[in-house]
Amino acid sequence: MWVAAGGRESSAAAVLRVLLIATTCGLVFALLHLPLPDGRARSAGPGGERGAGGVGRIREARRLSVVTEEIDGQTDEIAAEEDERISKSPPDTKEKIWMMQDQLIMAKAYLHFAAPRGSVHLGRELRLRIKEIERAISHSSGGTHVPGRNNSVTDIKKENTMQCVTKMKAMELTLSKAQRTYPRCSQMTSKLRAMMHNSEELVRAHQSESSFLEQVAVRTLPKGHHCLAMQLTSEYFSLDPIKREFPIRDSIQLDGYYHYAIFSDNVLASAVVVNSTIAASKDPRRIILHIVTDSLNYPAMMMWFLTNPPTPAAIQIKSLDDLKWLPGDFSSRFKLKGVRDPRYTSALNHLRFYLPEVFPSLGKVVLLDHDVVVQNDLTGLWDLDMKGKVIGAVETCTSSEGYHRLDSLVDFSNPNIFNKLDPKARAFAFGMNIFDLNEWRKQDLTTTYHKWFQLGKIEKLWKAGSLPLGQLIFYNRTLPLDHRWHVLGLGHDFSIGRDELESASVIHYSGKLKPWLEISIPKYRHYWNSSATFTDKGDGGEVIRKVEHGYTASL
């Protein structure tokens, strides 16, 4: 009896023990799966990562991806708008904004490490400070406006400044706390280094994209100019053949006149050069302008000047097809592999080396590029003593600008060049030049041009374009002109002073940023626009605006 009773007691104790153990295990399991205060689920132990741990790793990877994206920055559009607002801020405000942006980068980087390592309170504090700094940046850069305030603008600015300083100090304390929490965080160093590398890569990508788009803009004729040429061409061919020619002047080739030559395929640019030359002249009745263009733009060029005659000067327009003595491949021989910039591949740029053949009856001629504006009378160039030189030109270097020396344009490793030229010789500029054609013929420089050109076809001896070749042909045959005759660089140099521009006889938009392009330098653009008054029906600004919008003024 006692034995049976003892067995039942032992069984009940065992059942109770098992129940107690099961209850304890269940309680422990429940505690392990309770969510943390910030809402995260507790990670599984080492043995639990095989099942649900895979899902946990995926969630963690997604979280890190989001954090990384947040650290790396905003979209290009938002960043561009923010940068534009910041650029318009006062200098002291800019400095504060830049300091706050640096704090943001550090805070977001520390936040990346705070939560996974259990620093819950630090993570919350970092998030709070990040939101405060982002609001402060938005207020400081003018990104937001607080309605309903009657305070003056000065009071609001002072209040914003005080708030920024307070929030910056609070962020400094939080960052110091984070630094103490992670005193030797190698991961932090690696992350910041990776962020810096990504930023540098992004800058390089934007620079490459900007360079590409700039090249496209340089090589592309603006829509308005194209439409203008199409309209003029259509109107030219609708004219009666008798009306397609200029009035004949018997004195068109006499040396008693001042002859200006322009080789261009750009109608508006040529019109600006013609208009400014006549406006600046003391005796425009003695001016004869010679324009040579290609066959494609010849009708448009003719129609423009038939409708807008350069009275009281005379004008003559020819096509390259009219110059039958040119080599058969002249229009295509200057195209180079990998070079698409029309400044370097245009046959019209190389026509300057045939000036005596283009104008067989002239003794002197001034050649103007189509990207110049004439501001003062140029007749004084005909009175210069050329001293046996063929070309008068402005030199492009000083003692401090060695990159404008001859060795920057020509390859002196070749014996044909090294034995004949001085690499330290100063280079001169095209764009506005006076030529003594009689001296040219006497020295037979056209033959010299052909010799150099044939050598250049065998091996590359100079950079692309007509300027380096001109340095070889006119070496020791150039008369240096005073720099006030010709100021160049308006197509690339942002630092030219107003006094220098105002005193120049000719200003030259040499470089990529031509004045008729949207990418031109704004502070120089008005010099070109002011010479764009072509008709009596409206000012030049109206013509330019209409051309920029894709249509033209009534002719």
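This text follows the structure it describes.
This one's a predicted model, so the numbers in the text were calculated from it and none came from an experiment.

What counts, and at which threshold
Counting from 1, residues in each chain are numbered in the order their sequence is written. Where totals are concerned, whole chains, interfaces and linings use all residues; where local detail is concerned, this predicted model gives features only for residues with pLDDT of at least 70, and gives and counts side-chain atom pairs only at 80 or more. For the side-chain quantities, the full set of heavy atoms in the structure was used; hydrogens and water were omitted. Any two strands are treated as partners once DSSP identifies two or more bridges connecting them. Helix and strand assignments come from DSSP, with helices taken as H or I runs of at least 4 residues and strands as E runs of at least 2, each series counted from the N terminus. Each axis is a line fitted through C-alpha atoms, taken for helices only over the stretch in contact, and angles between the N-to-C directions span 0 to 180 degrees. Working definition: a ring pair exists when centres of Phe, Tyr or Trp rings (six-membered ring for Trp) sit within 6.5 Å. Plane angles under 30 degrees give stacked, over 60 give edge-to-face, the rest tilted. The cut-offs for exposure are 20% and 50% of the maximum accessible area for each residue type, with area from a 1.4 Å probe on protein chains only; residues under the lower value are buried, those over the upper are exposed, and the others partly exposed. Sitting over a ring, as applied to charges here, requires NZ of Lys or CZ of Arg to be within 6 Å of the ring centre and within 35 degrees of the ring normal. Buried Ala, Val, Leu, Ile, Met, Phe, Trp, Tyr and Cys residues form a nonpolar core when they are joined through side-chain atoms within 4.5 Å. Here a residue-residue contact requires only that any non-hydrogen atoms of the pair lie within 4.5 Å. When a carboxyl oxygen of Asp or Glu is within 4 Å of a side-chain nitrogen of Lys or Arg, the pair counts as a salt bridge. A helix is expected to span 1.5 Å for every residue after the first. By convention, a crossover is right-handed whenever its connection, traced from the first strand over the helix to the second and viewed with the strands pointing away, goes clockwise.

### A closer look at the sheet that holds strand S5 (residues 372-374)
Then comes step 1: The strand order across the open sheet built from 3 strands is S5-S10-S9, with neighbouring strands paired in mixed fashion. The open sheet has two edge strands with one neighbour each: S5 and strand S9 (486-488). Here the strands of the sheet are splayed against their neighbours by 15 degrees on average, with no regard to which way each runs.

### Side note on the packing of aromatic side chains
To describe a pair of aromatic rings, you give the distance between the ring centres and the angle between the ring planes.
Then comes step 1: For the structure on display, the rule yields 16 aromatic pairs.
Then comes step 2: Both rings, one in Phe353 and one in Phe430, keep their centres 6.5 Å apart while their planes meet at 65 degrees; by these two values the pair is edge-to-face. Of this pair, Phe353 sits in the loop between helix H12 (347-350) and helix H13 (355-358) while Phe430 sits in the loop between helix H14 (415-418) and strand S7 (432-436), and the two are 77 residues apart along the sequence.
Then comes step 3: By relative accessible area, Phe353 is classed as buried at 0%.
Then comes step 4: Feature note: the residues Trp325, Phe330, Phe353, Tyr354, Phe428, Phe430, Phe435, Trp440, Tyr449, Phe453 and Phe474 constitute an aromatic cluster, connected by ring pairs.
Then comes step 5: Against the face of Tyr236 rests Arg244, its NZ or CZ located 5.4 Å from the ring centre.
Then comes step 6: The ring of Phe430 is capped by Arg352, whose NZ or CZ atom sits 4.2 Å from the centre of that ring.

### Quick notes on the nonpolar core
Then comes step 1: Among the nonpolar cores identified, the biggest contains 44 residues, and Phe263, Leu320, Leu351, Leu355, Phe435 and Phe474 are the most heavily contacted of them.
Then comes step 2: Looking at this core, the elements that each hand over two or more residues are strand S1 (258-263), H12, H13, strand S4 (364-368), strand S6 (391-393), helix H15 (437-443), helix H16 (445-458) and helix H17 (466-473).
Then comes step 3: The dominant element in this core, judged by the number of residues it contributes, is H16, at 4 residues.
Then comes step 4: Apart from residues no more than four positions distant in its own chain, Leu320 is found in contact with Val292, Thr293, Asp294, Leu326, Phe330, Ser331, Ala347, Leu348 and Leu351.

### Points about the pattern of salt bridges
Then comes step 1: Applying the stated rule across the entire model yields 8 salt bridges.
Then comes step 2: In this structure, Glu125 engages Lys177 in a salt bridge whose closest nitrogen and oxygen atoms are separated by 2.8 Å. Here Glu125, found in helix H5 (residues 120-140), pairs with Lys177, found in helix H6 (residues 153-181); they are 52 residues apart in sequence, far enough to count as distant.
Then comes step 3: With relative accessibility at 19%, the residue Glu125 sits in the buried group.

### Here's the deal with unusual backbone geometry
Leave glycine aside and you will find that most residues have negative phi; peptide bonds, for their part, are mostly trans.
Then comes step 1: Following Thr311, the chain continues into Pro312 via a peptide bond in cis, with omega recorded as 5 degrees.
Then comes step 2: Tracing the sequence through the fold places Pro312 in the loop between helix H10 (298-307) and strand S3 (314-319).
Then comes step 3: The backbone of Asp444 sits at a positive phi, close to 50 degrees, despite the residue not being glycine.
Then comes step 4: The residue Asp444 is located in the loop between H15 and H16 in this model.
Then comes step 5: Since its relative accessible area comes to 40%, Asp444 is described here as partly exposed.
Then comes step 6: Phi is positive for Asn476, which is not a glycine, with a value near 65 degrees.

### With respect to H5
Then comes step 1: With 21 residues, H5 ought to run about 30 Å at 1.5 Å a step, and its terminal C-alpha atoms sit 30 Å apart, in line with that.
Then comes step 2: Taken together, the buried positions of H5 are occupied by Leu122, Gly123, Glu125, Leu126, Arg129, Ile130, Glu132, Ile133, Ala136, Ile137 and Ser140.

### A word on the pairing of S1
Then comes step 1: Most of S1 is tucked away: 6 of the 6 residues are buried.
Then comes step 2: Of the two faces of S1, both are covered, the one formed by Tyr258, Tyr260 and Ile262 as well as the one formed by His259, Ala261 and Phe263.
Then comes step 3: Pairing of S1 with strand S2 (residues 287-293) involves 6 bridges; the strand directions are parallel. Looking at S2, one finds that Ile262 is bridged to Ile291.
Then comes step 4: Handedness of the β-α-β unit built from S1, helix H9 (residues 267-280) and S2 comes out right-handed.

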